[in-house]
There are 2 protein chains.
Amino acid sequence: SCMYCDVNRAFGDLLPAKNGEEPTMQFLLEVVDILTNYVKKTFDRSTKVLDFHHPHQLLEGIEGFNLELSDQPESLEQILVDCRDTLKYGVRTGHPRFFNQLSSGLDIIGLAGEWLTSTANTNMFTYEIAPVFVLMEQLTLKKMREMIGWPNGEGDGLFSPGGAISNMYSVMIARYKYFPEVKTKGMSAAPRLVLFTSEHSHYSIKKAGAALGFGTDNVILLSTDERGRVIPADLEAKILDAKQKGYVPLFVNATAGSTVYGAFDPISEIADICEKYNLWLHVDGAWGGGLLMSRKHRHKLNGIERANSVTWNPHKMMGVPLQCSAILVREKGILAGCNSMCAGYLFQPDKQYDVTYDTGDKAIQCGRHVDIFKFWLMWKAKGTAGFEQHIDKCLDLSQYLYNKIKNREGYEMVFDGVPQHTNVCFWYIPPSLRGMPDGDERREKLHRVAPKIKAMMMESGTTMVGYQPQGNKVNFFRMVVSNPSATQSDIDFLIDEIERLGHDL
Amino acid sequence: SCMYCDVNRAFGDLLPAKNGEEPTMQFLLEVVDILTNYVKKTFDRSTKVLDFHHPHQLLEGIEGFNLELSDQPESLEQILVDCRDTLKYGVRTGHPRFFNQLSSGLDIIGLAGEWLTSTANTNMFTYEIAPVFVLMEQLTLKKMREMIGWPNGEGDGLFSPGGAISNMYSVMIARYKYFPEVKTKGMSAAPRLVLFTSEHSHYSIKKAGAALGFGTDNVILLSTDERGRVIPADLEAKILDAKQKGYVPLFVNATAGSTVYGAFDPISEIADICEKYNLWLHVDGAWGGGLLMSRKHRHKLNGIERANSVTWNPHKMMGVPLQCSAILVREKGILAGCNSMCAGYLFQPDKQYDVTYDTGDKAIQCGRHVDIFKFWLMWKAKGTAGFEQHIDKCLDLSQYLYNKIKNREGYEMVFDGVPQHTNVCFWYIPPSLRGMPDGDERREKLHRVAPKIKAMMMESGTTMVGYQPQGNKVNFFRMVVSNPSATQSDIDFLIDEIERLGHDL
């Protein structure tokens, strides 16, 4: 029960109510108490990662947790209970044993940054209402462009709501660069344009193709080697093939850190081809961009300085809270050229300050969430050096996992060799399948192993790791490490847990 | 100086560091202390709305506030100073005298909801990692569809990153409904499609036209009456004109609450025309959707139940923290049909739970920020009744302003009659212009009045209200009330301040 709040208190007692200051402070501190307890437990390995329930169970209302909305207000005490329940039945994505997503971990500085951002409750679209945040965004984007290697960090960019939207921006900008008349006349003003991206790339390039009016048929998938990296010769062959059919190649996406394999496409070789055929080169570094912060690993992105645009999500490998994704563009002015509508009622040119700081008209959004502050604050607190340490540590950990299982009984690696990123892809082969010859029966059985282990893992709530099929490969586990709280002991635990749960399958 | 934190402490002392729990709790509580002080001041009328500085001043570093990022970490003490400075040089959007945007106010329950959301730090794209939030979204969207008036609240929807993106979704879905082959074959598979929207509508419809490959020339602007409402006969005439030219009318946007005038297009009459010509009807209720919560005002949206899709931003009129925007669709399944790519590596069909709750593939994004919780929590705390009271109060306040200035010396209303929404649009005429005959000279001078007053207002930091030109009307003030902390005395203050600052112009 609640220490501070009178059971009869309700939202109407809070600010801006008269005498609302005291109840407001008490309520907020009570909420903070719930949140800080959650933070403590998140890092505590004796707690579960999750307390799994099926949708119908939660919808029916577990132990009085009622999700339904009603006409009448609830008391503040009940609101606090709702907050506790919401956290209780959620997933601790910052738990040292949560490995399910490319984004994991709970960075305390980033968390503080998000709390401040919510309290400031403003919008990025003009300097007028977000002066500090707008400047922080500008300085941070410049720093990121310097790390990419564009001269003097010149160029442009924005933080956008996720890597898929950042990738969509890149396609829009490329189209505007080569066929600016599409902005006013539509796709019928352009010839049949084609986009190229790897069969291992993120599906957002295809989504952008569909949304922007290219059509998914005009998103040509490139073949990869056994490690999931684009084969440059295949790109060139497909460009020539498209040209021969009368289509116009426009855009090539090179992935720096693919979602499943963590593969880095050979950017320099792809850049040579883009130069030769005058194509826009985008690098999707949503997952792998963070490696630019590491002197040891940044060579994997060699050639990125030749890209026309880059997607880089600090909310993935750099541990920034969700969400924080940047689209960076080498050519200045093209982002505004592509997207501006010059709506005088939103962006007044006759303000008393330098309105080039009003970034709203560059975006496809109008209001834009403040995603920069947490990242800026983390950069201040850690320095570039701190990000580097984090990244190097995660890559070391994944190599530890790789070394541990590559020759271990009951494991098969999905591809050979040290992973390029923290992605380690493997099958666990239960004893019952170990002697079985390769063939449809084994494949079908193996396909069901990972989902079964995952289901048991979630039921027991001890750890979480993702699985998926890829191409003709049946379901396998994809382990990724981006969580700063994970240690070798957590990797050991995961292996033990997979074996415990999967042994009798 | 900092009460709790040792000056030598840095981010590396925080969790997940060994013995990191105590420093983490101390650091977070220190941050909360900064934030709660800010909250108190936000509601205190004796504080300024903002402490204005030009970009170059902030970039040069005021009183040691250094925005630049560096390689080396800062101490936690410095991080706390950075937090204080960030708030100090920002804008108090929750201040009772902040009227600059459609989104204003600082709702305490919503704020608590955002703090929890950041702490949970997860992503909406699967039930697996956001079970509670996914269900909250589903239930809340259903409730919103019920309020729109769709039978049994059936349909579909998503929370998206802002009204512009929600409007973009509506255009994409309309295109998919009538020309599904565009998804695979691109816009060349469709005839020349045209979209209709009012000349007073939000520029996001035009942005969507540009982005999605229609071209802005194919976004036909509809004429409005003197109150900014679409003239239905003009819509019908323009549909017929487009058809005669061989174009194919696809989509009509009716605005419920325009950005500047707060006008509500006559939805029922527009719906009749859409039915007659078999066009998709979208209602952009980003700003006006909130009025559905009010028994007194919801008649202004009569006919909305006939729309095929609706944009409704609770972060505007309903005071939910940024951001929270819903795209609601009457036909179930079409959102997924339009956007899904069925990426097996992201959305595994063989999970142990009902995967229809995995919403990620419906979105154009991949990761999706949790925008639902704050809204759900506010709805719990206020009930529908609480939202209704808030909305009715804001509309009453704007009518108070309207009544106060409509016949006051030195004011001219931009349009006649009681405003439909909280938008009150007016010119302040300084004494020097009052005797001047209408003509170019007066227009030019009047055009400069609002920017000058606004600049002085920002320099003195006492209040904030927006201005803009519209069509052939020179710069005028657009007052809007969505801030729950505003009272009649704040309206009085605004008027006094405009007169004080503008008297000698």
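Predicted, not measured: the structure shown is a model, and the values here were computed from it.

### Description of helix α6 (residues 163-178) of chain A
Line of reasoning, step 1. Given a rise of 1.5 Å per residue, 16 residues ought to cover 22 Å, and the 23 Å separating the end C-alpha atoms of α6 of chain A matches this to within 8%.
Line of reasoning, step 2. Buried residues dominate α6 of chain A, accounting for 13 of its 16 residues.

### A look at the interface of chain B and chain A
Line of reasoning, step 1. Tallying the contact residues gives 151 residues for chain B and 151 residues for chain A.
Line of reasoning, step 2. For the pair chain B and chain A, the summed buried surface comes to about 13,200 Å²; carbon and sulfur atoms form 67% of the total.
Line of reasoning, step 3. Across the pair Asp361 of chain B and Lys207 of chain A runs a salt bridge whose closest N-O atoms are separated by 3.3 Å.
Line of reasoning, step 4. Looking at the side of chain B that touches chain A element by element, the count peaks at 13 residues for helix α1 (residues 21-42) of chain B.
Line of reasoning, step 5. Each residue belonging to the side of chain B that touches chain A can be placed in one class, and the counts come to 84 nonpolar, 44 polar and 23 charged.

### Here we look at the nonpolar core
Line of reasoning, step 1. Among the nonpolar cores identified, the biggest contains 300 residues, and Phe27 of chain A together with Phe27 of chain B are the most heavily contacted of them.
Line of reasoning, step 2. If you look at the next biggest cluster of nonpolar residues, it comprises 60 residues, including Val182 and Ala211 of chain A together with Val171 and Ala363 of chain B.

### Overview of the relation of the copies chain B and chain A
Line of reasoning, step 1. With an RMSD of 0.0 Å, the fit of chain B onto chain A corresponds to turning through 180° and sliding 0.0 Å along the axis. Such a combination of turn and shift is consistent with a two-fold rotation axis. Within chain B, the C-alpha atom positioned nearest to the axis of rotation is that of Leu212 of chain B, 2.0 Å from it.
Line of reasoning, step 2. A share of 100% of interface residues in chain B that are also interface residues in chain A marks the association as one of identical surfaces.

### Quick word on the sheet that holds strand β11 (residues 464-470) of chain A
Residues and elements named next belong to chain A.
Line of reasoning, step 1. Pairing in this open sheet of five strands is mixed, and the strands run β1-β11-β12-β10-β9 from one edge to the other. Each of the sheet's edge strands pairs with one partner strand only, and the pair in question is β1 (98-99) and β9 (411-413).
Line of reasoning, step 2. Judged from the two bridges that link them, β1 and β11 form a sheet pairing that is parallel. Each residue of the ladder has a partner; that of Phe98, found in β11, is Met464.
Line of reasoning, step 3. With respect to the sheet, helix α12 (residues 372-405) is in contact with β9, β10 (424-428) and β12 (473-479), its orientation differing from that of β10 by roughly 30°.
Line of reasoning, step 4. Contacting β9, β10, β11 and β12, helix α14 (residues 440-460) crosses the sheet at an angle of about 155° to β11.

### Here's the deal with unusual backbone geometry
Line of reasoning, step 1. Of note, the amide linkage connecting Leu15 of chain A to Pro16 of chain A takes the cis form, showing an omega dihedral of 10°.
Line of reasoning, step 2. Among the secondary structure elements, Pro16 of chain A is positioned in the segment before α1 (21-42).
Line of reasoning, step 3. Note the cis peptide between Leu322 of chain B and Gln323 of chain B, where omega equals -15°.
Line of reasoning, step 4. Structurally, Gln323 of chain B is set in the loop between β7 (309-312) and β8 (325-329).
Line of reasoning, step 5. Although it is not a glycine, Glu63 of chain A sits at a positive phi angle of roughly 45°.
Line of reasoning, step 6. Owing to a relative accessible area of 66%, Glu63 of chain A belongs among the exposed residues under this scheme.

### What about the confidence of the model for chain A?
In low-pLDDT segments, the atomic positions of the prediction should not be examined closely.
Line of reasoning, step 1. On average, residues of chain A score 96 in pLDDT, and 98% of them are at 70 or above.
Line of reasoning, step 2. Contacts for the low-pLDDT stretch residues 1-5 of chain A, under 50 throughout, to residues beyond four places or in other chains number ten contacts.

### Let's talk about the side chain of Asn475 of chain A
Line of reasoning, step 1. Take Asn475 of chain A: it is sitting in strand β12.
Line of reasoning, step 2. At 2.8 Å, the side chain of Asn475 of chain A and the backbone oxygen of His447 of chain A are in polar contact.
Line of reasoning, step 3. Here the side chain of Asn475 of chain A touches Asp350 of chain B through a polar contact of 2.8 Å, side chain to side chain.
Line of reasoning, step 4. Dropping the residues within four chain positions of it, Asn475 of chain A is found in contact with Trp427, Leu446, His447, Ala450, Pro451, Tyr467, Gln468 and Pro469 of chain A together with Asp350 of chain B.

### Let's talk about the UniProt feature "modified residue: N6-(pyridoxal phosphate)lysine" (unreviewed entry) in chain A
Residue and element names in this part refer to chain A.
Line of reasoning, step 1. Mapped onto this structure's residue numbering, the UniProt feature "modified residue: N6-(pyridoxal phosphate)lysine" (unreviewed entry) falls at Lys316.
Line of reasoning, step 2. Tracing the backbone shows Lys316 in the loop between β7 (309-312) and β8 (325-329).
Line of reasoning, step 3. With sequence-adjacent residues up to four places away left out, Lys316 is seen in contact with Leu102, Ser103, Ala286, Trp287 and Ser482.

### As for the sheet that holds strand β4 (residues 219-222) of chain A
Residue and element names in this part refer to chain A.
Line of reasoning, step 1. Read from one edge of the open sheet, seven strands run β2-β8-β7-β6-β5-β3-β4, paired in mixed fashion. Whereas interior strands pair on both sides, the edge strands pair on one side only; in this sheet they are β2 (156-160) and β4. Sheet twist, expressed as the average angle between the axes of neighbouring strands with direction ignored, equals 20°.
Line of reasoning, step 2. The pairing of strand β5 (residues 248-255) with strand β6 (residues 280-285) spans five bridges and is classified as parallel. When the bridges of β6 are listed, Phe251 appears paired with Trp280.
Line of reasoning, step 3. Of the strands in this sheet, β3 (193-198), β4 and β5 are in contact with helix α8 (residues 204-211), which crosses β4 at around 165°.

### Re the pairing of β12 of chain A
All names here are of chain A.
Line of reasoning, step 1. Judged by how many residues are buried, β12 sits mostly within the fold: six of seven residues are covered.
Line of reasoning, step 2. Bridge count for β10 against β12 is three bridges, and the pairing is antiparallel. Among the inter-strand pairings, Val424 is bridged to a residue of β12, identified as Met479.
Line of reasoning, step 3. Of the strand pairs in this sheet, β11 and β12 are connected by four bridges, and their pairing is antiparallel. Within the sheet, the bridge partner assigned to Gln470 lies in β12 and is Lys473.

### A look at the state of the cysteines
Line of reasoning, step 1. In the structure shown here, the tally under the stated rule is zero disulfides over all chains.
Line of reasoning, step 2. The cysteine Cys425 of chain A is free of any disulfide, with Cys394 of chain A supplying the nearest cysteine sulfur at 16 Å.

### Considering the pairing of β7 of chain B
Residues and elements named next belong to chain B.
Line of reasoning, step 1. Of the two faces of β7, the one holding Ser309 and Thr311 and the one holding Val310 and Trp312 are both buried throughout.
Line of reasoning, step 2. Where strand β6 (residues 280-285) lies against β7, four bridges are found, and the strand directions are parallel. Of the residues in β7, the one forming a bridge with His282 is Ser309.
Line of reasoning, step 3. The pairing of β7 with β8 spans four bridges and is classified as antiparallel. In the strand pairing of β8, Trp312 is matched with Ala326.

The rules behind these values
- Residues numbered from 1 in each chain as written.
- Chains lettered and ligands numbered in written order.
- Predicted model: local features only at pLDDT ≥ 70, side-chain atom pairs only at ≥ 80, totals over all residues.
- Heavy atoms only, no water.
- Helix = DSSP H or I, 4+ residues; strand = E, 2+ residues; numbered from the N terminus.
- Expected span 1.5 Å × (residues − 1).
- Buried < 20%, exposed > 50% of the residue type's maximum accessible area, 1.4 Å probe, protein only.
- Contact = heavy atoms within 4.5 Å.
- Buried area = accessible area lost by both parts, 1.4 Å probe.
- Salt bridge = Lys/Arg side-chain N within 4 Å of Asp/Glu carboxyl O.
- Nonpolar A, V, L, I, M, F, W, Y, C, P; charged D, E, K, R; others polar.
- Core = buried A, V, L, I, M, F, W, Y, C linked by side-chain atoms within 4.5 Å.
- Least-squares fit on C-alpha atoms with pLDDT ≥ 70 in both.
- Pairing = 2+ DSSP bridges.
- Axes fitted to C-alpha atoms, helices over the stretch in contact; angles between N-to-C directions.
- pLDDT = per-residue confidence, 0-100.
- Polar contact = N/O pair within 3.5 Å; in protein donor to acceptor, adjacent residues only side chain to side chain.
- UniProt positions renumbered as here; feature names shortened; annotations may be inferred.
- Disulfide = S-S within 2.5 Å.

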